[in-house]
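What follows is the residue order along each chain.
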Amino acid sequence: MKKVLALLLALTMLMGTLAGCGSAQENAPANDSQTNTEDNSAAGDTGDTGNTGDAAPADEIENTFNYEAVENTTGEEIRIAVLTTQTNAFWVDVCKGTEDVTKFLAQPQYNCTVDMQTFDNFDGQAISEAIDTCITMEYDAICTVGVADSIATSISKAVAAGIPVYLFNSNTGVENEATAFVGQDLYGAGEKLGGILADMVGEGGKVGIITGLYSVNAHELRRTGAEKALTDAGVEIVATAENHDSSDEAYSLTKDLITANPDLKGVLVTAGGPEGAARAIEEAGLQDQISLVCFDTTAEMLPYIREGVIKCTLGQDPYGQGSDPVILAYNEIVTGEAAVTGDAFTEMTEYTPDNINEYFPE
Amino acid sequence: MEQQIIYSIQHVTKEFPGVKALSDISIDVRRGEILAVVGENGAGKSTLMNILSGAYAPTSGTITFEGQELTSLTPERAQHLGIAMIHQELSLSNALNLAENIFEGRLPKNSIGLVDRRKLYQESKRLLEEVGLPNLDPRTLVRDINVSQQQMVEIAKALSLNAKFLILDEPTSSLTVSEAEYLHEIMRRLKSKGITMLYISHKLDEILAISDRIVVFRDGRLITTMETAATQINDMVSSMVGREYSAGYTRAHYKNDYATAEPILKVSNLNVGKKVKNVDFTLYKGELLGITGLVGAGRSEVLQAVFGADPRQSGEIEIEGQKCRIRHPSDAIARGLALVPEGRKLQSLFLKFSVKENITLVAMKQVLNRCGLLKPRKEYEFADSFSKRLRVKTPSLDQKIVNLSGGNQQKAVIARWLANQPKILFLDEPTQGIDIGAKNEIYEIIDEMIRQGASVIMVSSEMQETISLCDRVLVMYEGEISGELYHKDATEKNIVTLMSGQALPVSAS
Amino acid sequence: MKSKQEFGGLRAFTKRSEFSVLIGLMVIFIVMSFASPYFLKLNNIMNVLQQISRYGIISVGMALIMITGGIDLSVGYTVALSACMAAHLTTNVKMAWPAVFLVVLLMGAVIGLVNGLLVTKVKLWPFIVTLATSKIISGCVLLLTSGMPIHIESPLCWLGSGYVGPVPVSVIMMFLVIIGGSIFASMTQTGRNIYAIGNNERAAALSGIRVERTKTLVYVICGILCAFCGIVVAGNLNSADAGLGAGYETDVIAAVVIGGVSMSGGEGSIWGALIGAMIIGILKNAFILLKVSSYWQSVVIGLVIIAAVTIDRIRTVRKAK
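Residues numbered from 1 in each chain as written. Chains lettered and ligands numbered in written order. Predicted model: local features only at pLDDT ≥ 70, side-chain atom pairs only at ≥ 80, totals over all residues. Heavy atoms only, no water.

**Observations regarding the overall build of chain C**
So, step 1. Check the secondary structure of chain C and you find 14 helices and 4 strands.
So, step 2. Taken over the C-alpha trace, chain C has a radius of gyration of 20 Å; the compact-globule value for 321 residues is 20 Å, and the two agree within 12%.
So, step 3. A burial count over chain C gives 61% of its 321 residues as buried.
So, step 4. Long-range contacts, defined as pairs at least 24 residues apart, comprise 76% of the intrachain contacts of chain C with a sequence gap of at least 6.
So, step 5. Looking at chain C as shown, the accessible area adds up to about 12,500 Å², and 72% of this sits on carbon and sulfur atoms.
So, step 6. Of note, chain C has its 23 positive side-chain charges centred 8 Å away from the centre of its 11 negative side-chain charges. (Helix = DSSP H or I, 4+ residues; strand = E, 2+ residues; numbered from the N terminus. Rg over C-alpha atoms; globule rule 2.2 N^0.38 Å. Buried < 20%, exposed > 50% of the residue type's maximum accessible area, 1.4 Å probe, protein only. Contact = heavy atoms within 4.5 Å. Areas by Shrake-Rupley, 256 points an atom, 1.4 Å probe, with all protein chains shown as cover. Lys, Arg positive; Asp, Glu negative; His and termini not counted. Charge placed at Lys NZ, Arg CZ, Asp CG, Glu CD.)

And the structure:
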């Protein structure tokens, strides 16, 4: 009997812990909205934004997003699920966007709870299952990264159950029934970056392409777009390889590229980990010979941009990717209409060593 | 001279769930004596040994060693105090060599702290010579020597520990007469150095030869203590079984119609590596053929090779006049053969199975229905009938076989083969480590099988058993058959002569 | 001493290792029912069962292998290769679905055969063998797909995404496989032989059991089950890519061990493996329902495995005394 009791006890403690973790997260937004209610009424009474006495945040939360949110006229709480990945530093900005929009929509005039679930890899099956569970949990809308084609079936199930789905950052290769995709115009971005590199390298120059994963549609679109632009400009692509978003792999691949092609003129990285490529180029002392171009502006990349090892990087507004789909989804629930459908491409800022300090002052 | 008490247990009781293994035992062991412990299986001897060596704790009662009361004794602590136990079931590590086993945990180190291999092998060689294994290289792996030799290594290990109090649990169960005598010599040597020994054995004649006193157990109780000098075998046995007992087992009928006998198994030109050389023999229908010899003579290897369990370099096998190809035990079984191997823990017991499952494994087809699925009730009844026939003592057939005593385990294994109704049964040391009562039961079983038409080959190291049971005896020496004796000529003297590779005197009668 | 007929008595049942795991499952079930209002919804239960069916099917094969004392680390990649092969044959080669079914299962059997022969004939350790074959298979998947996902539309998809009433077909398949596996293991000669081999290989050989053939057989069975699972998975997602099946071996081995199969072989039951799979499946479901981050998930699963194996150890040691 003892062993049975021991197992019982262990598992009960375990489940209690889990339940505790879960409810802790649930409690936080609830508290915030309560505080806001009190403060708003206080502000209303005195007729201005100043507070009388009690220290409280008081101010409404600013809309730092690309879309306005309508007031919640449904009279009910709206619940939105966000499924996001956290494979590297890029996602920190995305999650920040999601966290901010969570606080924003928690305000009483919006009355919306946003639950973020993170995954540590691009596992289509896991996200597919999570979508199924979200359907069971009767969320009003689901925002998710379009990690792989395998989630298309679950998206259809959600839509069939009356739950709109928004994709961000990556879109599936096959057609899906999501309302909109908030992310970079991936093919267009690839073309643009390819064109930029072609200008730097010139006709007949040799470049290597380092792509994240062949199985991720987003990476593929960028790669093929870049390839087209480069080939059209007469640039020679000596090699293409996967680095699985890892900077270590990018480092090794770049070193190999340099060894195999001493007259290499350029490297294009389609996804995460370009700082690894930058490090390899810097170590070889070839930053003047080799132009490195890539995407995004993570903290690890900034020094290399400032030093000029990375010649150009295209942004995709990660913050917007984390927040905009949520607002769009929220709006659709309240108004019953989707203001934006199909592709909602985010801004594509060009960051270079010359302008980087304007956006990211040291 | 005042006799000192080295180990005293007072009013010790040991209970397991559902079983009272020992009731109120009190023994005072005198320093320097050889005290024999006898009793049938299940009488409590092993439990007593385990308590004395620290493997079990008594449920109640006290144990005192050299004047110090021992509470919460563990095997490690016991070893420190100078108590060493040589188990019946060997505890050597198969994958290590002899030296590493002897000095397990105490490998000699040099000044830097690394193992001093030279010293290790030197010391081991010396100890191996002391236990009569001068030709064994200490670097041999344990799994490459046979069970009997392994037991010698166990003893060498205990010797190396220079224990004050040695517990020997059936140490000669795998030894031949001469090796047993050698062990006794070593024991006498140790006794003269003041070492006390506790000797458990079923071999009553040995006990008379070696011990000073005898304690008899029955059903967990201490029945009587005897001075060896004043004891006879029948006295011991009567106390053990609680009823009058007359010595020796005789069969009603020994085969003597060899002139017209029909051969059922014929083996020619058997060669197994270096262990068996050019062996030819015939087994006649309805015969109990014994194969005996010294440890390492190749007896078990013959049986296992014919059974298809081990590869052989050459050898033709004819069963009932037909040539057979036996490459694997399943071939042999299909031809009506059965093998009860020696060393049941390693070679025949499925310890995680129940008694029932152990019995029905080979003959399982008989308890399956037409679709090949098991009929649980039928399996139970099937196992039950054989278990009862062989008088296997177990609280229930679903009991895990590991909880049974050695004798009952062996009976279950024999039951497994009987259930398959073999024509030819090979028995390899069938009564190894089994008490008198159970031994007799097994002899009866064998006898009955012969009466019912089976033919049996029995490998045995026990002289008495071989002489009293077999219709015919083949003696092996160093891989070859050195001689053949019919029952009437199978005397101890003749057998020992052939065992040592000598020829029989011309006028053998 | 009277002998009691004890097969199947309640007392005997409570002594089995599966009983304590079953208690654990019930505890988790009860706690979850209180912790989340969504847990007991029919929808959710069916989802969870469907998610479990993936490793539930494979765990039958893995349990049989582990009972013989072996292990198979290539299950995950075999699932991936099978899924991708099924999709490839259907979409690119345009083979008829019955042929696809047979070819994929055959492929699984061949993989199992290779594993089995390497273990029995070449006598390599199962751990190393299956680790190596898993690498080879993962390479084959990439060669086949070039890393791209393959879409699949076929009647075979019914196995993965079809429903019979409210019950997903894959769940029914899982129960069929479990029942079949359980009958095989406990009520046939071969099943008994498998346990015997895990118990004492030498004694098994001496009892006439063809040890090498039986050991190879369990690997083949596992291979076929993995192939079947691959078809189910591809059918469920209507897509197959190289990333499928990642980490399956960990979940399957955990389920089997939690369910009472000992790493040393010779004991354990198929139903136990199912209970273990359910525990893991419900825990994973709990993570989403209770919004626990993915980082904690791995930690918790690891802890549960340690707990289960420790309890198994305690029970074994107690038995020995």
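**Quick notes on the confidence of the model for chain A**
So, step 1. When the pLDDT values of chain A are averaged, the result is 83; 84% of them are 70 or greater.
So, step 2. This model gives residues 21-58 of chain A a pLDDT under 50, and the stretch forms 17 contacts once residues within four places in sequence are excluded. (pLDDT = per-residue confidence, 0-100.)

**Structural notes on a nonpolar patch on the surface**
So, step 1. A contiguous nonpolar patch, built from M26, F29, I30, F34 and L40 of chain C and spanning about 550 Å² of accessible area, is present on the exposed surface.
So, step 2. With respect to the helices and strands, I30 of chain C occurs in helix 2 (residues 17-35). (Patch = residues over 30% accessible without salt bridge, like charges linked within 9 Å, V, L, I, M, F, W, Y side chains within 5 Å. Salt bridge = Lys/Arg side-chain N within 4 Å of Asp/Glu carboxyl O.)

**So, the nonpolar core**
So, step 1. Among the nonpolar cores identified, the biggest contains 164 residues, and I80, L105, I131 and Y330 of chain A are the most heavily contacted of them.
So, step 2. Here this core gathers at least three residues from each of two domains, domain 1 (2-184 + 318-347) and domain 2 (186-314) of chain A.
So, step 3. Leave out the neighbours within four places in its chain, and L105 of chain A touches A69, Y110, N111, C112, V114, V326 and Y330 of chain A.
So, step 4. Among the nonpolar cores identified, the runner-up in size contains 86 residues, and Y249, A454, V456 and L469 of chain B belong to it. (Core = buried A, V, L, I, M, F, W, Y, C linked by side-chain atoms within 4.5 Å. Domains from an automatic or database assignment.)

**A word on the interface of chain A and chain C**
So, step 1. The interface is formed by 39 residues belonging to chain A together with 46 residues belonging to chain C.
So, step 2. Carbon and sulfur atoms make up 63% of the surface buried where chain A meets chain C, a total of about 4,100 Å² over both sides.
So, step 3. Linking chain A with chain C are 3 salt bridges.
So, step 4. Put simply, K41 of chain C and E138 of chain A hold a salt bridge, and the shortest N to O gap is 3.0 Å.
So, step 5. Contributions of two or more residues to the side of chain A that touches chain C are made by helix 1 (2-46), strand 2 (112-119) and helix 3 (124-136) of chain A.
So, step 6. Counting residues per element, the side of chain A that touches chain C draws most heavily on helix 1 of chain A, which supplies 14 residues.
So, step 7. Tallied by class, residues from the side of chain A that touches chain C come to 16 nonpolar, 13 polar and 10 charged. (Buried area = accessible area lost by both parts, 1.4 Å probe. Nonpolar A, V, L, I, M, F, W, Y, C, P; charged D, E, K, R; others polar.)

**Brief notes about the packing of helix 14 (residues 406-418) of chain B against helix 15 (residues 436-451) of chain B**
Residue and element names in this part refer to chain B.
So, step 1. It is at 11 Å that the axes of helix 14 and helix 15 come closest, and there the two elements cross at 10 degrees. Of the possible angle classes, the one that applies to helix 14 and helix 15 is roughly parallel. In contact with Q410, K411, I414 and L418 of helix 14, helix 15 contributes A438, E441, I442, I445 and M449.
So, step 2. Looking at side-chain class alone, the contact of helix 14 with helix 15 contains 6 nonpolar, 1 polar and 2 charged residues. (Axes fitted to C-alpha atoms, helices over the stretch in contact; angles between N-to-C directions. Parallel < 35°, antiparallel > 145°, perpendicular 65-115°, else oblique.)

**Some details on the arrangement of the chains**
So, step 1. Inter-chain contacts occur across 2 pairs of chains; the most extensive set of contacts lies between chains B and C.
So, step 2. For the non-touching pair chain A and chain B, the nearest C-alpha separation works out to 14 Å.

**Section: unusual backbone geometry**
All names here are of chain A.
So, step 1. Positive phi, normally seen in glycine, also occurs at N111, with a value near 50 degrees.
So, step 2. Of note, N111 is situated in the loop between helix 2 (90-105) and strand 2.
So, step 3. In the Ramachandran plot, D245 falls in the positive-phi region, its phi being about 70 degrees despite a non-glycine side chain.
So, step 4. As for its position among the elements, D245 is in the loop between strand 7 (236-242) and helix 7 (247-260).

**Observations concerning the interface of chain B and chain C**
So, step 1. Taken together, the contact pairs 45 residues of chain B with 34 residues of chain C.
So, step 2. Between chain B and chain C the total buried area reaches about 3,000 Å² when both faces are included, carbon and sulfur atoms providing 54% of it.
So, step 3. In terms of surface lost to chain C, no three residues of chain B exceed F350, K352 and Y380 of chain B, which account for 20% of the buried area on that side.
So, step 4. Counting across the interface, chain B meets chain C through 3 salt bridges.
So, step 5. At the junction of chain B and chain C, the tally comes to 14 residue pairs in polar contact (both at pLDDT 80 or more).
So, step 6. The set of elements that each furnish at least two residues to the side of chain B that touches chain C consists of helix 10 (329-334), helix 11 (344-347), helix 12 (355-360), helix 13 (376-389) and helix 14 of chain B.
So, step 7. When its residues are assigned to classes, the side of chain B that touches chain C shows 23 nonpolar, 9 polar and 13 charged. (Polar contact = N/O pair within 3.5 Å; in protein donor to acceptor, adjacent residues only side chain to side chain.)

**A short note on the environment of G39 of chain B**
Residue and element names in this part refer to chain B.
So, step 1. By secondary structure assignment, the location of G39 is in strand 3 (residues 34-39).
So, step 2. Taking the C-alpha atoms as reference, G39 lies 14 Å from D205; in sequence the two are 166 residues apart.
So, step 3. Discounting chain neighbours no more than four positions away, the residues touching G39 are K45, H202, F217, M240 and D435.

**Some remarks on the environment of E350 of chain A**
Residue and element names in this part refer to chain A.
So, step 1. Looking at where E350 falls in the secondary structure, it is placed in strand 12 (residues 350-351).
So, step 2. Along the primary structure E350 and K228 are separated by 122 residues, whereas in three dimensions their C-alpha atoms are 20 Å apart.
So, step 3. Beyond its immediate sequence surroundings of up to four residues, E350 is in contact with K192, I196, C312, T313, L314 and N355.

**Notes on the sheet that holds strand 5 (residues 68-69) of chain B**
Residues and elements named next belong to chain B.
So, step 1. The 4 strands lie next to each other as 2-1-4-5, forming an open sheet whose pairing is antiparallel. Each having just a single partner strand, strand 2 (19-30) and strand 5 make up the two edges of the open sheet.
So, step 2. Bridge count between strand 1 (residues 5-16) and strand 4 (residues 60-65): 5 bridges; the pairing is antiparallel. Across the sheet, T13 pairs through a bridge with S60, a residue of strand 4.
So, step 3. Sitting on the sheet, helix 1 (residues 45-52) touches strand 1, strand 2 and strand 4, and the angle it makes with strand 1 is about 120 degrees. (Pairing = 2+ DSSP bridges.)

**A few points about the pairing of strand 10 (residues 310-314) of chain A**
Residue and element names in this part refer to chain A.
So, step 1. Strand 10 sits mainly inside the fold: 4 of its 5 residues count as buried.
So, step 2. Inspection of the sheet shows strand 9 (residues 291-295) paired to strand 10 by 4 bridges, in the parallel sense. Within strand 10, the position partnered with C294 by the bridge is T313.
So, step 3. In this fold, strand 9 hands off to helix 9 (residues 302-307), which returns the chain to strand 10; that crossover is right-handed.
So, step 4. Bridge analysis of strand 10 against strand 12 gives 2 bridges, and the strand direction is antiparallel. When the bridges of strand 12 are listed, L314 appears paired with E350. (Right-handed = clockwise from strand over helix to strand, strands pointing away.)

**Quick word on the pattern of salt bridges**
Any two side chains of opposite charge can pair, on the condition that their charged atoms come close.
So, step 1. Counting across every chain of the model gives 45 salt bridges over all chains.
So, step 2. The residue K488 of chain B makes a salt bridge to D489 of chain B at a minimum N-O spacing of 3.6 Å.
So, step 3. Across the salt bridge formed by K123 of chain C and E212 of chain C, the nearest N and O atoms sit 3.0 Å from each other. Within this pair, whereas K123 of chain C is found in the loop between helix 5 (97-120) and helix 6 (126-145), its partner E212 of chain C is found in helix 11 (residues 211-237), the two being separated by 89 residues in sequence.
So, step 4. Residue classification places E212 of chain C among the partly exposed positions, given a relative accessible area of 30%.

**Examining the pairing of strand 3 of chain B**
Residues and elements named next belong to chain B.
So, step 1. With respect to burial, strand 3 is a largely interior element, 6 of its 6 residues being buried.
So, step 2. Here strand 3 shows two buried faces, one formed by I34, A36 and V38 and the other by L35, V37 and G39.
So, step 3. With 5 bridges joining them, strand 3 and strand 9 (residues 213-218) adopt parallel strand pairing. From the neighbouring strand, L35 faces strand 9, where its bridge partner is R213.

**Regarding the domain arrangement of chain A**
All names here are of chain A.
So, step 1. For chain A, the assigned domains are domain 1 (2-184 + 318-347) and domain 2 (186-314).
So, step 2. Across the contact, 14 residues belong to domain 1 and 14 residues belong to domain 2.
So, step 3. Summed over the three residues of domain 1 that lose the most area to domain 2, namely F90, F122 and Q184, the buried surface amounts to 47% of that side.
So, step 4. Seen at the junction of domain 1 and domain 2, the total is 0 salt bridges.
So, step 5. Grouping the amino acids of the side of domain 1 that touches domain 2 by side-chain chemistry returns 5 nonpolar, 8 polar and 1 charged.

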